[in-house]
Amino acid sequence: MKPKSWFQSVNLAIDGIIYSVKTQRHMRYHLYAALAALVLSLLLNISRLEFILLCMAIVIVLATETMNTAIETTVDMISEGFHPKAKLAKDIAAGVVLIASVGALMLAYLILYPALRNAIAGRQWRLAKAPHDVVAFVSLAVVVILVIILKAFVGRGEPLRGGMPSGHAAVSFSIWIAALYLSDSLSIVVLTFLLASMVSWSRWSSGIHKPIEVVAGALLGSGVTLLFFLVFS
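Colleague: Could you give me a rundown of the overall build of the protein chain, with the residues and numbers involved?
Modeller: A count of helices and strands for the protein chain gives eight helices and zero strands. For the protein chain, the C-alpha atoms occupy an extent of roughly 60 × 55 × 25 Å along the three principal directions. In the protein chain, which comprises 233 residues, the share counted as buried stands at 38%. Considering only residue pairs separated by 6 or more positions, the protein chain has 78% of its internal contacts joining residues 24 or more positions apart. In the protein chain, the 18 positive side-chain charges and the 11 negative ones have mean positions that sit 4 Å from each other.

This is how it looks when you write it as structure tokens:
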């Protein structure tokens, strides 16, 4: 059925991502690797260009793995029994993921290994300090990945309607904590907090989420983001 609104289209798209995480162990491995790479990028304080390249590699791998899941599902729907061309289609799709994964691994090695080697050789065990905007981006990305993983494992509700935890609350409170560090304006901090509270309250009052799901999302978003800023800024 064709989506009737932009919101429904986004909901269905996120539903597909969560399905991939829930059913494909390689997708989960890629998300774990993305978390590790993002945290290492802050620990090693790589350059902004290297950080951009690393993020692009992560996006390409996750996109190709999601596309691979879509192709496998389509082939299974069309071909009920074994067929050589069905197998070939799956193998080619898996090959695309392998190419992207190898490329991302090589890029991660070229970026992260020299920085890690220099840190060990120089005995620089103190945590490097990163720019606030980079910390905000990484913490928000980590929050989104954690929400997707938790929703995939819990398996209740729709991606944007119900389920543990509330993704809206997690993202909105992550943005609030980021605004606390990024802005010197008290009015912006207060307004973002009110906006995060309104978003969370709307999920609760409309019956989309249970109170515990909203609270869990708010704690996840604010807690992860605050931890990243306390450690890396």
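Colleague: Mind laying out the pattern of salt bridges, listing which residues take part and the relevant values?
Modeller: When the charged atoms of two side chains lie near each other, side chains of opposite charge can form a pair. Tallying each qualifying case throughout the model produces three salt bridges. Linking Asp 133 and Arg 48 is a salt bridge whose minimum nitrogen-to-oxygen distance equals 3.0 Å. Here Asp 133, found in helix α5 (residues 132-154), pairs with Arg 48, found in helix α3 (residues 48-78); they are 85 residues apart in sequence, far enough to count as distant. For Arg 48, a relative accessible area of 46% puts it in the partly exposed group. Salt-bridge contacts for Asp 76 lead to Lys 90; the nearest nitrogen and oxygen are separated by 2.5 Å. On the criterion of sequence distance, the pair formed by Asp 76 in helix α3 and Lys 90 in helix α4 (residues 84-121) is long-range, its members being 14 residues apart. Taking the relative accessible area as the measure of exposure, Asp 76 reaches 44% and is therefore partly exposed.

Colleague: Residue-level account of the side chain of Ser 183, with values.
Modeller: Mapped onto the elements, Ser 183 comes out in the loop between α6 (167-182) and α7 (186-205). Given a relative accessible area of 16%, Ser 183 falls into the buried group. At 3.0 Å, the side chain of Ser 183 and the backbone nitrogen of Ser 185 are in polar contact.

Colleague: Before we move on, could you go through the nonpolar core and cite the residues and values that matter?
Modeller: By size, the foremost hydrophobic cluster in this structure holds 48 residues, and its most contacted members are Leu 38, Leu 42, Val 138 and Phe 228. Per-element tally for this core: the top contributor is α5, with twelve residues.

Colleague: Residue-level account of the packing of aromatic side chains, with values.
Modeller: As enumerated under the stated definition, the model contains eight aromatic pairs in all. On the numbers, 4.9 Å between centres and 55° between planes, the contact of Trp 176 with Phe 193 is tilted. Note that Trp 176 is positioned in helix α6 and Phe 193 in helix α7, a separation of 17 residues in sequence. The buried category is assigned to Trp 176, whose relative accessible area is 19%.

Colleague: Break down the packing of α6 against helix α8 (residues 211-232) for me, citing the residues and quoting the values.
Modeller: In contact at an axis separation of 7 Å, α6 and α8 are set at 30° when each is read in the N-to-C sense. On the basis of their axis angle, the class for α6 and α8 is roughly parallel. Taken as a pair, α6 and α8 cross one another with a handedness that is right-handed. Two secondary-structure elements touch here, α6 through Ala 169, Ala 170, Phe 173, Ser 174, Ile 177, Ala 178 and Tyr 181 and α8 through Val 214, Gly 217, Ala 218, Gly 221, Ser 222, Thr 225, Leu 226, Phe 229 and Leu 230.

Colleague: Got a sec to walk through the packing of α3 against α4? Specific residues and values, please.
Modeller: Where α3 meets α4, the axes come as close as 9 Å, and the angle between the chain directions of the two elements is 165°. Taken as axis vectors, α3 and α4 run roughly antiparallel relative to one another. With respect to the hand of their crossing, α3 and α4 are arranged in left-handed fashion. Taken together, the residues of the contact of α3 with α4 break down into 19 nonpolar, three polar and five charged.

Colleague: Please give an account of α8 that cites residues and values.
Modeller: For an α-helix, 3.6 residues make a turn, and residues three or four places apart therefore share a direction. For α8, with 22 residues, the first-to-last C-alpha span of 31 Å sits near the 32 Å given by 1.5 Å per residue. Regarding α8, the residues found buried are Glu 213, Val 214, Gly 217, Ala 218, Leu 220, Gly 221, Ser 222, Val 224, Thr 225, Phe 228, Phe 229 and Phe 232. The buried residues of α8 occupy an angular sector of 165° when projected down its axis, which confines them to one face. Facing away from the buried side of α8 by more than 90 degrees, the exposed set consists of Ile 212, Leu 219 and Leu 230. Considering only its buried residues, α8 is in contact with α2 (25-43), α5, α6 and α7.

Rules used in this analysis
Residues numbered from 1 in each chain as written. Predicted model: local features only at pLDDT ≥ 70, side-chain atom pairs only at ≥ 80, totals over all residues. Heavy atoms only, no water. Helix = DSSP H or I, 4+ residues; strand = E, 2+ residues; numbered from the N terminus. Buried < 20%, exposed > 50% of the residue type's maximum accessible area, 1.4 Å probe, protein only. Contact = heavy atoms within 4.5 Å. Lys, Arg positive; Asp, Glu negative; His and termini not counted. Charge placed at Lys NZ, Arg CZ, Asp CG, Glu CD. Salt bridge = Lys/Arg side-chain N within 4 Å of Asp/Glu carboxyl O. Polar contact = N/O pair within 3.5 Å; in protein donor to acceptor, adjacent residues only side chain to side chain. Core = buried A, V, L, I, M, F, W, Y, C linked by side-chain atoms within 4.5 Å. Phe/Tyr/Trp six-rings, centres within 6.5 Å; stacked < 30°, edge-to-face > 60°. Axes fitted to C-alpha atoms, helices over the stretch in contact; angles between N-to-C directions. Parallel < 35°, antiparallel > 145°, perpendicular 65-115°, else oblique. Left-handed = near helix turned anticlockwise from the far one by under 90°. Nonpolar A, V, L, I, M, F, W, Y, C, P; charged D, E, K, R; others polar. Expected span 1.5 Å × (residues − 1). Arc of directions from axis to C-beta.

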